[in-house]
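# Structural overview
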Amino acid sequence: MSLAVQEFSTLDHLQGGERPPELKGWPLVGVLPALRRDPLRFFTRVARQHGGAVTLRFGPDRVVMLNDPAMIRHVLQDNRLNYEKSKFYDMMRSVLGEGIFLAEGDDWLHQRKTAARGFQGCQLRRMTEAMQTAVDEMLARWRKQAAVEAPLDVVPEMMRLTLDIVMRTLFSVHLQGEHEQVYVAMTRVLRDAERRIWSPFVLPRWLPTANNRAVKDALASLDDFVYGLIARRRAAARSAEHDPESEGDLLDLMMANQNGRSDKALRDQVLSMILAGHETTANGLAWTWYLLSLHPESRRRVKAEVESVLGGRAPDFADLSKLTYTRCVLDEALRLYPPLWTFSRTAVADDRIGELDIPAGTNVMMNMFAVHRRPELWDNPEGFDPGRFDPETGDPRRRFAYFPFSDGPRSCLGERFAILESLIAMVGIVQNFDLHLLSGQEVKPEPMITLRPSGLTMQLVPLRES
Ligand code: HEM
């Protein structure tokens, strides 16, 4: 049983009017030098040493890191209207503009309601077909690659798959090879945003440095991609080429609900959904393959379950809920390597979290990577143990202690979509291939805005002729 302590579900352990302990670090820069050396290790250690809440100085800013599920629930759910996305999200504003990720208030609600219609149960059921087609195309590509024994660079492959899926299901587009363009540009802007968040001094974007020029090019490339998509849809709507398949897809919904907003606003909505919808799932899947390659007994159990539920055929919507162990593996991968590994909010007005004073303007950070590895919350926190998520043994997906998709009203809109596509991909892959880590590989988590495994190259071993 992985629930180690119960007291974290209440705030009673805090004393009246408390301030969290503060880690000041160095003059001017605070903890940033230590943090930048290895952010994941830094935050995990801080959460272990300081428990429920601790204040960190990031250069001129103070950030309260919340590691207690009850405190996290307070911010994300109980008093959520008092917490807006923090200024650290501004680093992504040049990419995502006023799209759903960064929007607040009525604008956010309008976008959320519009997009939610594209993710209703009946829509998801319909989308599984397109997800399967994308997986089948990937498998066909992999067969060719395996025939020449070429190793597989797993992250771009998973990105390609999940981008394909998002484009087919939400925007009714079958990409012809633009994956590389999107992958290269997204990587560039995410790395840049992350560096800016953890840097005490950042050069203004207008300075013509090599990095600024590369980021500008990357943004232009993403703009071309998205504006091209919008222009083609408009042209198709006017002409006889109109594709009935695209009727009522997310792009249709977004265009119909524009209410006089600019094309830039539409571009922000589309690009936000493309980024949110593929980068995270791809990383979750890449980590899953990494973990399964380290744990062959788990890989065998996944294969056995897939064989017993499906016997070699592709899954339909109803089959996916029967893949209990496979789902546990995915949950465990998202616990150990949450693809969005940290996020933050700013208090709008003075607040109290339990007895903790939170003055207006305080930045609070919720770090999934660190919370998912707290020994007070998890047995064997660093170990890979999918069994901890077994639904037979209690309530394993504990809210606010386990929150890879965040939680509350602003949680991930694509959670069910992501689980579905991940399971479909896992089934297709284990039915056709074994993935083995190449010997001598050093796989490391690269904490950008998302958490990617860097250096993940694998050997494809086909299981049967098809
Ligand atoms: C394993 C895959 C995924 C993970 C771990 C994940 C995680 C998250 C997290 C943590 C947030 C909250 C971010 C914050 O508050 O700053 C979020 C928001 C969001 N996600 Fe996901 N996500 C995944 C897949 C997807 C997919 C597939 C889609 C769409 C197809 C999607 C769409 C969104 C959207 C639209 C939001 C913004 C919601 C809002 O602000 O109202 N995500 N996601």
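My aim in this report is to walk through the structure given alongside it, one point at a time. (Residues numbered from 1 in each chain as written. Predicted model: local features only at pLDDT ≥ 70, side-chain atom pairs only at ≥ 80, totals over all residues.)

### Topic: the overall build of the protein
Counting its regular elements, the protein contains 16 helices and 13 strands. Principal-axis analysis of the C-alpha atoms places the extent of the protein at approximately 65 × 55 × 45 Å. For the protein, the proportion of its 466 residues judged to be buried stands at 42%. Put simply, of all contacts in the protein between residues at least 6 apart along the chain, 75% involve residues at least 24 apart. (Helix = DSSP H or I, 4+ residues; strand = E, 2+ residues; numbered from the N terminus. Buried ≥ 20, exposed ≤ 12 C-beta atoms within 10 Å, placed from the backbone. Contact = placed C-beta atoms within 7 Å.)

### Details of the sheet that holds strand β5 (residues 152–153)
Spatially, three strands are ordered β5-β13-β10 in an open sheet, and the strand pairing comes out antiparallel. The sheet terminates laterally at β5 and β10 (433–437), the two strands that pair on one side only. (Pairing = 2+ DSSP bridges.)

### Considerations on the site of the ligand
Around the ligand, the structure places 24 residues, and the nearest of them are Ala276, Gly277, Thr280, Cys412 and Gly414. Mapped onto the shell around the ligand, the elements with two or more residues apiece are α5 (105–117), α11 (263–294) and α16 (415–432). The greatest single-element share of the shell around the ligand, amounting to six residues, is contributed by α11. In terms of residue class, the shell around the ligand is built from 16 nonpolar, six polar and two charged. (Near = placed C-beta within 6 Å. Nonpolar A, V, L, I, M, F, W, Y, C, P; charged D, E, K, R; others polar.)

### Structural notes on α11
Taking 1.5 Å of rise per residue, the 32 residues of α11 would be expected to cover 46 Å, and the 47 Å separating its terminal C-alpha atoms lies within 8% of that figure. Counting buried residues in α11 gives 27 out of 32 residues, a clear majority hidden from the surface. (Expected span 1.5 Å × (residues − 1).)

### What about unusual backbone geometry?
Positive phi, normally seen in glycine, also occurs at serine 172, with a value near 50°. Tracing the sequence through the fold places serine 172 in the loop between α7 (154–171) and α8 (179–197). Of note in this structure, serine 406 is not a glycine but carries a positive phi near 60°. On the secondary structure map, serine 406 appears in the loop between α15 (368–371) and α16. A tally of 18 C-beta atoms within 10 Å means that serine 406 is categorised as partly exposed.

### Some thoughts on the nonpolar core
Core analysis: the biggest nonpolar cluster contains 122 residues, and Met65, Leu66 and Ala286 have the highest contact counts within it. Per element, the largest residue contribution to this core is 14 residues, and it comes from α11. Setting aside residues up to four positions removed in sequence, alanine 286 forms contacts with Val154, Val155, Met158, Pro453 and Leu456. (Core = buried A, V, L, I, M, F, W, Y, C linked by C-beta atoms within 7 Å.)

### A few points about the sheet that holds strand β9 (residues 363–366)
If you trace the six strands from one edge of the open sheet to the other, you get β1-β2-β3-β9-β6-β4, paired in mixed fashion. At either end of the open sheet lies a strand with only one pairing partner, and these are β1 (22–23) and β4 (83–85). When β4 meets strand β6 (residues 343–347), the two strands line up antiparallel, connected through three bridges. Bridge pairing in β6 links tyrosine 83 to alanine 347.

### A few points about the packing of α8 against helix α9 (residues 210–238)
The geometry of a pair of packed helices is captured by two quantities: the angle between their axes and the separation between those axes. The N-to-C vectors of α8 and α9 enclose an angle of 135°; their axes lie 9 Å apart at closest approach. The orientation of α8 with respect to α9, classified from their angle, is oblique. Note on packing geometry: the crossing formed by α8 with α9 is left-handed. In this structure, α8 uses Gln181, Val182, Ala185, Arg188, Val189 and Asp192 to contact α9, whose residues at the interface are Asn211, Ala214, Val215, Ala218, Leu219, Ser221, Leu222 and Phe225. (Axes fitted to C-alpha atoms, helices over the stretch in contact; angles between N-to-C directions. Parallel < 35°, antiparallel > 145°, perpendicular 65-115°, else oblique. Left-handed = near helix turned anticlockwise from the far one by under 90°.)

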